[in-house]
Structures are given as structure tokens and as C-alpha cells.
Amino acid sequence: MADAGVAGERAVSRLREGLRAYGLIVAMWIRSTTAYRTSFVLTTVGNFALTALDFLAILLMFSRVDALGGYSLPEIAFLYGLTSISFGFADLMIGSMDKLGQRVRDGTLDTLLVRPAPVLAQVAADRFGLRRLGRITQGTLVFGYALSVVDIDWTAGRLLLVPVMLVSGSAIFCAVFVAGAAFQFVAQDASEVQNAFTYGGTTMLQYPPTVFGKEMVRGVTFVLPLAFVNWVPATYVLGRPYPLDLPGWVAFASPLVAAVCCAAAGVAWRAGLRSYRSTGS
């Protein structure tokens, strides 16, 4: 019991230390970014406009059709907004992790290893991109539109599920970022592989599950559970059947799935870091 208590205290201490280091590095990059306000505003607006093209493509589709996969425009806007906000927060917080392979190749990861701060916190906060607020803002506007026009029979459970989806979805995407970075310890040129699951995953989730084959839906439900970012809980909120006929309680499983994903990503990160061998440069 005593050993377990000591281990728990150490874990809490490491977490506190990591959050402190992360906060200090983020604050440094924010000061650096806002020192050039015009550049910051232009890049943020550019990020907003670039991500808005995704929803513009959906609007163009609906100029020719009334429904996509059986879903109306407000319902797809609901899926789109949820995904964009969840991914946007994950990308804002730790989106720089996809650059880890470059650090491994050029040996600059060694610099982080000798600093008295957790490596994960340093990599996650490195080059913190405040411009990524553009994606979150754009997603929030689309989500606000969806909430104002979508036909939902709001109950206490559905109301509660919306913020749960946003928090859990962000955590799931964060876990994917960390796991992808851990893979780059082994395959240093794997940033595009990671992007296929992060940026590619968020693009897929912006559309209803009914437009994809059941094998694809099974894969993102049971293998890489991105479906719990929005598909599974959102179909409950929208009153739509999920293609795999899952039981109703699964709609509320997103926090559990997020916790499992984060734990698995943590294990992968520690294994990847232990396997790292310095370049010697």
C-alpha cells in the first residue's frame, strides 16, 4: 500500500511538472507570436479561410442534392462543427507533435532530453501555433448554425452529451497525435502517416457514417475508435440509427474510450522514448 501511495505521488508530481513546463513554453510562444500582431492576424484569418473551404465543399454538394447519406445539411453541419472544434483544440494544444520525426532525424531531440522537463510536454508545446484558433472559430460558427436549425428533441441526456463529445473528442485526437509521434521514433519519415489519421480522420468524421462502407465504419469504431469523437454519440443526439446497430448506452462511452486511448498512447510514447538512440550529432 505504501509503495502504491509513493508511486501515485510521483505520478502526480510528474504530471504537475509536465503541465508547468508546458504552460511556460506555450506562454513563451504566445508572446513571440503576438509580438508581430499583423502577421498573427493574417495567419489566423488565413487558417480560418482555409478550413472554411471544407464546409464550402459541403455547401456545394447540397446545392445539387437534398440529403447526403440520408442526412440533411443541418445534421451534417452538426457533425462538421463537433469534429472541427474537437480536432481544433487537439491541434492547438499538441499539433506540433507531428514534427517529432524531424527532431529525431536532425538530432535536436537530444536537446530536449537534457532539459529538466518532461520530453512530452516540451514536444507538445514546441512552436505552439495560436493561429490554429482559426479552425476552432470556424468550427464553432458552423456548430452554432447547426444548433440553431437542426431538428433535435432535446432531453437532459442529449444536452449533457454535447459538451462530453467535445471534451472526449479532443482527448481522443490528442491520443492519436501522441501515438503517431511515438511511431516516429521508429519510422522518422512517418509524419504523413500520422496526418492520415489526424487530418484525414477529422475530414472523414465531417461526413455521416452512412456514406462509408461498413468495414470502414467497423475500423474506426473498434480498431482506431475515431467514431467516438462524434459519429456514435452524435447519432444518438440526432436520433439516427448507427450503421453497426450498437446498443444505446454506447453513445455515452466516449469518455471511457478517450481514457483508454490516452492510456494506450502514453504506453506507446514511453516505449518509443525508451527505444530512441541519439544520432550523436
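Details of the structure are given in the entry above.
Model, not experiment: these values are computed from the prediction. Within every chain, residues take consecutive numbers counted from 1 along the sequence as written. Residues qualify for local features only when their pLDDT is at least 70, as the model is predicted, and side-chain atom pairs are given and counted only at 80 or more; totals for whole chains, interfaces and linings, by contrast, use all residues. By convention in this description, side-chain values take in all heavy atoms of the structure and omit both hydrogens and water.

(A) Here's a closer look at the overall build of the protein chain. The helix count covers DSSP runs of H or I at least four residues long, the strand count covers runs of E at least two residues long, and both are numbered beginning at the N terminus. Counting secondary structure elements, the protein chain contains twelve helices and zero strands. Secondary structure of the protein chain in N-to-C order comes out as α-α-α-α-α-α-α-α-α-α-α-α. The size measure is the radius of gyration over C-alpha atoms, and the globule rule it meets is 2.2 Å times the number of residues to the 0.38 power. A globule of 281 residues ought to have a C-alpha radius of gyration of about 19 Å, and the protein chain, at 20 Å, matches this closely. Summarising its shape, the C-alpha atoms of the protein chain cover approximately 60 × 55 × 35 Å along the three principal directions. What makes two residues a contact is simply this: any of their non-hydrogen atoms within 4.5 Å. In the protein chain, the share of contacts with a sequence separation of at least 24, taken over all contacts with a separation of at least 6, comes to 80%. Per-residue and other accessible areas were derived by the Shrake-Rupley procedure at a 1.4 Å probe size, with only the shown protein chains allowed to occlude residues. Of the roughly 14200 Å² that the protein chain leaves accessible, carbon and sulfur atoms contribute 66%. When charges are tallied, Lys and Arg are placed among the positive residues and Asp and Glu among the negative ones, while His and the ends of the chain are skipped. Charge coordinates come from a single atom per side chain, which is NZ of Lys, CZ of Arg, CG of Asp or CD of Glu. Placing the 22 positive and 17 negative side-chain charges of the protein chain at their respective mean positions leaves the two points 7 Å apart.

(B) Structural detail: unusual backbone geometry. Even without a glycine there, the phi angle at R127 is positive, about 50 degrees. Of note, R127 is situated in the loop between helix 6 (119-125) and helix 7 (133-149). When its relative accessible area of 56% is taken as the criterion, R127 is described as exposed. One non-glycine residue, D245, lies in the positive phi region at around 55 degrees. When a residue's accessible area, from a 1.4 Å probe over protein chains only, is under 20% of the maximum for its type it is buried; when over 50% it is exposed; and in between it is partly exposed.

(C) Summary view of the side chain of Q206. Note that Q206 resides in the loop between helix 9 (191-205) and helix 10 (214-223). Other than its neighbours up to four places away in sequence, Q206 contacts D54, I58, I76, L79, Y80, T83 and S84.

(D) A look at the nonpolar core. Only buried residues count toward a nonpolar core. Its members are Ala, Val, Leu, Ile, Met, Phe, Trp, Tyr and Cys residues joined through side-chain atoms within 4.5 Å. Residues M97, L100, L109, V123, W231 and W269 are the most contacted members of the largest nonpolar core, which totals 52 residues. For this core, the element with the highest residue contribution is helix 8 (residues 156-183), accounting for eight residues. Not counting residues up to four positions away in its chain, the partners in contact with L109 are L100, R103, V104, V119, V123, F185 and Y276. Listed in part, the 25 residues of the second largest apolar core include Y71, F78, Y80 and I152.

(E) Here's a closer look at the packing of aromatic side chains. Pairing of aromatic side chains requires ring centres within 6.5 Å, counting the rings of Phe and Tyr and the six-membered ring of Trp. Pairs whose planes differ by under 30 degrees are stacked, by over 60 edge-to-face, and all others tilted. One pass over the structure, following the stated rule, counts nine aromatic pairs. Taking 5.1 Å as the distance between ring centres and 80 degrees as the angle between the ring planes, the aromatic pair formed by F87 and F173 counts as edge-to-face. Highlighted residues: F87 in helix 3 (residues 73-94) and F173 in helix 8, separated in sequence by 86 residues. We classify F173 as buried; its relative accessible area is 0%.

(F) Representation of the side chain of R103 within the structure. Turning to its location among the elements, R103 is positioned in helix 4 (residues 100-106). Ignoring sequence-local partners within four residues, the contact set of R103 consists of T108, L109, L112 and D126.

(G) The arrangement of helix 3 in detail. Residue count minus one, scaled by 1.5 Å, sets the expected span of a helix. In this model, helix 3 (22 residues) spans 31 Å end to end at C-alpha, consistent with the 32 Å of a helix rising 1.5 Å per residue. Counting buried positions over the 22 residues of helix 3 gives 20, a clear majority of the element.

(H) View of helix 9. With 15 residues, helix 9 should cover 21 Å at 1.5 Å per step; its first-to-last C-alpha distance of 20 Å lies within 8% of that length. Taken as a whole, helix 9 carries its principal kink of about 25 degrees at Y199. Of the residues making up helix 9, those classed as buried are Q194, N195, T198, G201, T202, M204 and L205. Considering only its buried residues, helix 9 is in contact with helix 3, helix 8, helix 10 and helix 11 (231-238). What we call the bend at a residue is the angle made by axes fitted to the seven residues finishing there and the seven residues starting there.

(I) Inspection of the pattern of salt bridges at higher detail. The term salt bridge refers to a pairing of a side-chain nitrogen on Lys or Arg with a carboxyl oxygen on Asp or Glu at a separation within 4 Å. Evaluated as defined, the whole model comprises five salt bridges. Where E215 meets R218, a salt bridge forms, and the shortest distance between an N and an O atom there is 2.8 Å. One end of the pair is E215 and the other is R218, both in helix 10 and three residues apart, which spans about a single turn. Under the relative-accessibility criterion, E215 is labelled exposed at 62%. Residue classification places R218 among the partly exposed positions, given a relative accessible area of 35%.

By themselves, these figures tell us nothing about what the structure is for.
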